[in-house]
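Observations on chain architecture
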Amino acid sequence: MDSTYDGIILGAGHNGMILQAYLGKAGMRVLTIERKAVTGGGLSTLEDPRHPGFLHNTHAFFQRAITAMPWYADLELERHGARYIEPELNVALITQDDGVLAWWTDIERTVKSFEQFSRKDAETLRRWQHEFVPIVQNILTPEAKAPPLPPAERRRLLERSAAGRRLIEVSALSPLEFVKQEFEHPTVQAGLLFFNGLREVDLRVRGFGHHIAALLASPAKAQMSRGGTAALARALEGAVRKSGGEFRLLTEPKRIVVEGGRAVGIETADGETIRARHFIASSLNPHQTFLELLDETLVPLEIRDRVQAFQYNLLAPLFALHLNLREPPRYTAAAKFPELAKAFMVIMGLDASDQFNDIVRHHESGTIPPPVMWGACPTLFDPSQAPAGQHTAFMWEKLPYHLKAGWSGGGEAHGRDMLALWRKHAPNLADAVLDQFTRTPLDTERSLPNMREGDLLVGAFTNGQIGHHRPFPGAGAYRAHLPGLYLCGSSSHPGGNITGLPGYNAAQVLLDDLGIKSGWAPRPIADQLSALSDR
């Protein structure tokens with residue numbers, strides 16, 4: 001059988017579907033092939049087979065500012081069922097002695113929480129938040145929503161404005177240097193670095209000092225989708241189908257077909273050839289795209305070496321403990337801080353920034369550190385994710401993919417250690433737990449092979465793997481070395497997490513290459529940065 005489309009996308013994760021929907025709106029007939037039985041990739045919500053009605057978000061959950069993403073409005077996702085919740089007490093860090101450091105959607109309430117630990121740190125937070133708001137609005141946010149500039153050109157443009165020069169100055173630090181330099185209280189330092197750690201940037205590496213200030217200034221807060229994380233996948237699938245897009249599920253690509261030096265189709269594992277008139281776009285990782293799906297004669301040695309050198313995150317792999325509950329966790333700290341009963345993200349086991357060095361050492365040696373974990377009770381905000389009157393909850397922890405003792409035991413013992421810490425802060429869990437299960441970094445890779453070594457970001461930000469050089473020099477503008485072959489996944493700028501921006505940016509590049517005008521694309525980022533010039 002021979003089928004022909006305008007284009008083919010590999011992988012039906014959220015980035016691939018966003019790209020497909022935009023191309024469909026432009027009048028193109030696009031097929032996405034997906035090895036799994038459902039679309040969505042990491043947007044996964046599973047019903048506990050042992051306990052019907054208990055829904056668990058087994059990979060993605062906290063989604064930052066989804067409703068502010070341009071594709072959310074452009075693709076009319078609310079018409080396709082998407083609904084989001086953004087709790088006011090967005091994050092709460094519970095200290096060992098049951099103190100609470102809180103991040104609210106209201107910056108003034110956050111400042112007041114910081115004052116309970118350090119008046120100086122509260123003033124510092126306010127100062128950096130005020131200074132970096134225009135930098136986030138005018139530089140960092142537009143940069144994330146556009147194909148990246150070559151580093152030299154970016155620096156040249158940034159140096160022409162006061163805001164750009166300040167960004168360069170702060171970026172020269174490492175996150176650890178920035179926090180140690182600017183904040184004094186160990187718990188405040190730890191909390192700020194933890195947030196940066198959620199982005200999986202190595203705290204010791206210079207070039208990322210601005211991440212902390214940008215986090216403080218960003219209006220984007222953690223959100224959750226009503227009905228479970230998979231609800232976003234279903235809404236995106238609806239947008240794709242409305243645009244005329246098609247899916248081929250339970251279909252695994254065997255190779256990318258290249259003729260005359262151009263990518264022209266896909267051969268599936270079943271032997272079917274599906275042809276593309278204009279493009280193949282891969283949301284897979286670089287090893288899959290360049291080494292597994294392309295004949296080695298089609299990949300120059302220089303490209304193969306760059307792919308082989310592509311690094312995955314040491315600290316990104318997640319270990320998860322999931323609970324079915326008779327009642328939600330009731331934290332002892334709520335006696336003095338009653339708002340904690342409605343906290344969204346809860347962090348435990350973290351009191352001082354020096355703990356990060358210990359965590360890194362454990363990852364490097366393949367051993368398990370004392371629990372430092374974060375999670376939520378989704379049913380506090382969306383009761384539909386459990387039977388009436390009951391609840392689900394989870395905690396995540398970063399643990400090594402390359403565990404010295406191996407993951408063959410499934411991690412149940414460490415799950416018990418996590419539950420013990422949880423019960424220390426929420427004693428009612430001793431009687432509230434109906435059932436529990438764990439998921440290891442190895443489980444992540446098995447269910448989502450794109451996330452090699454359990455890396456949820458599909459590539460580290462070290463080794464120069466950022467911006468125009470992500471995933472590597474020569475492929476950082478969503479174009480591969482072969483005509484007709486494009487990249488659209490998390491291994492491209494601006495990276496992983498649920499942002500949809502790799503797919504959004506790839507759509508800009510692909511439509512431009514095809515000479516198709518789009519009314520939704522932002523101005524070129526070079527023009528936006530040039531407009532800031534004070535020289």
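We now turn to the structure provided with this report. (Residues numbered from 1 in each chain as written. Predicted model: local features only at pLDDT ≥ 70, side-chain atom pairs only at ≥ 80, totals over all residues. Heavy atoms only, no water.)

Quick word on the nonpolar core
Selection criterion: The nonpolar core is taken to be a set of buried Ala, Val, Leu, Ile, Met, Phe, Trp, Tyr and Cys residues, with the residues joined through side-chain atoms within 4.5 Å. Relative accessibility under 20% of the residue-type maximum defines a buried residue, over 50% an exposed one, and the middle range a partly exposed one, all with a 1.4 Å probe and only protein chains included. By definition, any uninterrupted DSSP run of H or I lasting at least four residues is a helix, any uninterrupted run of E lasting at least two residues is a strand, and each is numbered from the N terminus. In what follows, residue pairs with any heavy atoms lying within 4.5 Å of each other are defined as contacts.
Ranked by size, the top nonpolar core spans 70 residues in total, and within it Phe62, Phe132, Phe178 and Leu192 carry the most contacts. Top element by residues in this core is helix α4 (residues 119-144). It accounts for 8 residues. Beyond its immediate sequence surroundings of up to four residues, Phe62 is in contact with Ala222, Gln223, Phe344, Met345, Trp374, Gly375, Ala376, Phe394 and Trp396. The next biggest cluster of nonpolar side chains, apart from the first, holds 42 residues, and it includes Met17, Tyr22, Ala239 and Phe247.

Re the packing of α4 against helix α9 (residues 210-217)
Where we set the bar: Note on method: axes are straight lines fitted to C-alpha atoms, helices fitted across the in-contact stretch only, with angles between N-to-C directions ranging 0 to 180 degrees. We call two directions roughly parallel when the angle between them is under 35 degrees, roughly antiparallel when it is over 145, roughly perpendicular when it lies between 65 and 115, and oblique otherwise.
α9 packs onto α4 with a crossing angle of 95° between their chain directions and a minimal axis gap of 7 Å. Compared by their axis directions, α4 and α9 come out roughly perpendicular. Every residue of α9 that contacts α4 at Leu125, Trp128, Gln129, Phe132, Val133, Val136 and Leu140 is listed here: His210, Ala213, Ala214, Leu216 and Ala217.

Quick word on the sheet that holds strand β18 (residues 433-439)
Heads up, the rule is: Here, any two strands with at least 2 DSSP bridges between them count as paired.
Sheet architecture is open: 7 strands sit in the order β8-β7-β15-β16-β17-β14-β18, paired in mixed fashion. Each having just a single partner strand, β8 (100-104) and β18 make up the two edges of the open sheet. Between one strand axis and the next, the sheet turns through 20° on average, direction left out of account. As judged from the 8 bridges shared by strand β14 (residues 318-325) and strand β17 (residues 391-398), these two strands associate in the antiparallel manner. Its bridge partner lying in β17, Leu321 is registered against Met395. Against the sheet, helix α14 (residues 412-425) contacts β7 (89-94), β14, β15 (345-348), β16 (373-376), β17 and β18, and its axis sits at roughly 60° relative to β14.

Here we look at the packing of helix α1 (residues 14-25) against helix α10 (residues 230-242)
We count it as follows: A clockwise turn of the near helix away from the far one marks a right-handed crossing, whereas an anticlockwise turn of less than a right angle marks a left-handed crossing.
Contact pair α1 / α10: the axes reach a minimum separation of 9 Å and the direction vectors enclose 25°. Comparing the axis directions of α1 and α10 gives the class roughly parallel. Of the two possible hands of crossing, α1 and α10 adopt the one that is left-handed. Every residue of α10 that contacts α1 at His14, Met17, Ile18, Gln20 and Ala21 is listed here: Ala233, Leu236, Glu237, Ala239 and Val240.

Section: the pairing of β7
Along β7, 6 of the 6 residues are buried, which leaves the element largely enclosed by surrounding structure. By the bridge criterion, 5 bridges tie β7 to β8 in an arrangement that is antiparallel. Paired with Leu93 across the two strands is Leu101, which belongs to β8. Where β7 folds back onto β8 in an antiparallel hairpin, the turn is made up of 5 residues, including Asp98, whose phi is positive at roughly 70°. Strand direction decides the pairing type here: β7 and β15, joined by 4 bridges, are parallel. In the sheet register, Ala92 faces β15, and the bridge partner there is Val346.

Focus on the pattern of salt bridges
Operational definition: A pairing counts as a salt bridge when a side-chain nitrogen of Lys or Arg comes within 4 Å of a carboxyl oxygen of Asp or Glu.
This model, assessed by the stated rule, comprises 26 salt bridges. Of the charged contacts in the structure, one is a salt bridge between Arg166 and Glu131, with a shortest N-O distance of 2.4 Å. Of the two residues, Arg166 sits in helix α6 (residues 162-171) while Glu131 sits in helix α4, which places them 35 residues apart along the sequence. Judged by its relative accessible area of 25%, Glu131 is partly exposed. Across the salt bridge formed by Arg255 and Glu267, the nearest N and O atoms sit 2.5 Å from each other. On the criterion of sequence distance, the pair formed by Arg255 in strand β11 (residues 253-259) and Glu267 in strand β12 (residues 262-268) is long-range, its members being 12 residues apart. By relative accessible area, which is 38% here, Arg255 ends up partly exposed. Glu267 sits in the buried class, given a relative accessible area of 14%.

Description of unusual backbone geometry
Between Arg470 and the following residue, Pro471, the backbone shows a cis peptide bond with an omega angle of 10°. Note on placement: Pro471 falls in the loop between α16 (441-447) and β19 (485-487). At the junction of His493 and Pro494, the peptide bond is cis and its omega measures out at 0° in the coordinates. Looking at the secondary structure, you find Pro494 in the loop between β19 and α17 (501-513). Positive phi is not limited to glycine here, since Ala65 has a value of about 55°. Examined against the element boundaries, Ala65 turns out to sit in the loop between β5 (63-64) and α2 (70-74). Of the residues examined, Ala65 reaches a relative accessible area of 10% and is grouped as buried. Of note in the backbone geometry, Glu453 takes a positive phi value of approximately 60° without being a glycine. Looking at where Glu453 falls in the secondary structure, it is placed in the loop between α16 and β19. Of the residues examined, Glu453 reaches a relative accessible area of 24% and is grouped as partly exposed.

Let's talk about the sheet that holds strand β9 (residues 222-225)
Strand pairing in a sheet takes place through backbone hydrogen bonds and is either antiparallel or parallel in direction. The 3 strands are arranged β5-β9-β6 in an open sheet whose pairing can be described as antiparallel. Strands with a single pairing partner mark the edges of an open sheet, and in this sheet they are β5 and β6 (84-85).

Points about the environment of His402
Within the secondary structure, His402 is located in the loop between β17 and α14. Considered as a pair, His402 and Ile303 are 99 residues apart in the sequence and their alpha carbons are 27 Å apart. With sequence-adjacent residues up to four places away left out, His402 is seen in contact with Gly366 and Glu453.

Regarding the packing of aromatic side chains
As a reminder, the rule being used: Two rings belonging to Phe, Tyr or Trp (six-membered ring only in the last case) form a pair when the distance between their centres is within 6.5 Å. Interplanar angles under 30 degrees mark stacking, angles over 60 mark edge-to-face geometry, and anything in between is tilted. By definition here, charges over rings are those cases where NZ of Lys or CZ of Arg is within 6 Å of the ring centre and within 35 degrees of the ring normal.
Scanning the entire structure with this criterion turns up 20 aromatic pairs. Note on Phe310 and Tyr312: the rings are 5.2 Å apart at their centroids and 85° apart in plane angle, and the pair reads as edge-to-face. Under the relative-accessibility criterion, Phe310 is labelled buried at 5%. In this structure Tyr312 comes out as buried when scored by relative accessible area, which is 10%. The rings of Phe61, Phe62, Phe194, Phe344, Trp374, Phe381, Phe394 and Trp396 are connected pair by pair, giving a single aromatic cluster. Positioned above the aromatic ring of Trp104, the side-chain terminus of Arg109 is 3.6 Å from the ring centre.

Read these as layout, nothing more, since geometry by itself doesn't imply function.
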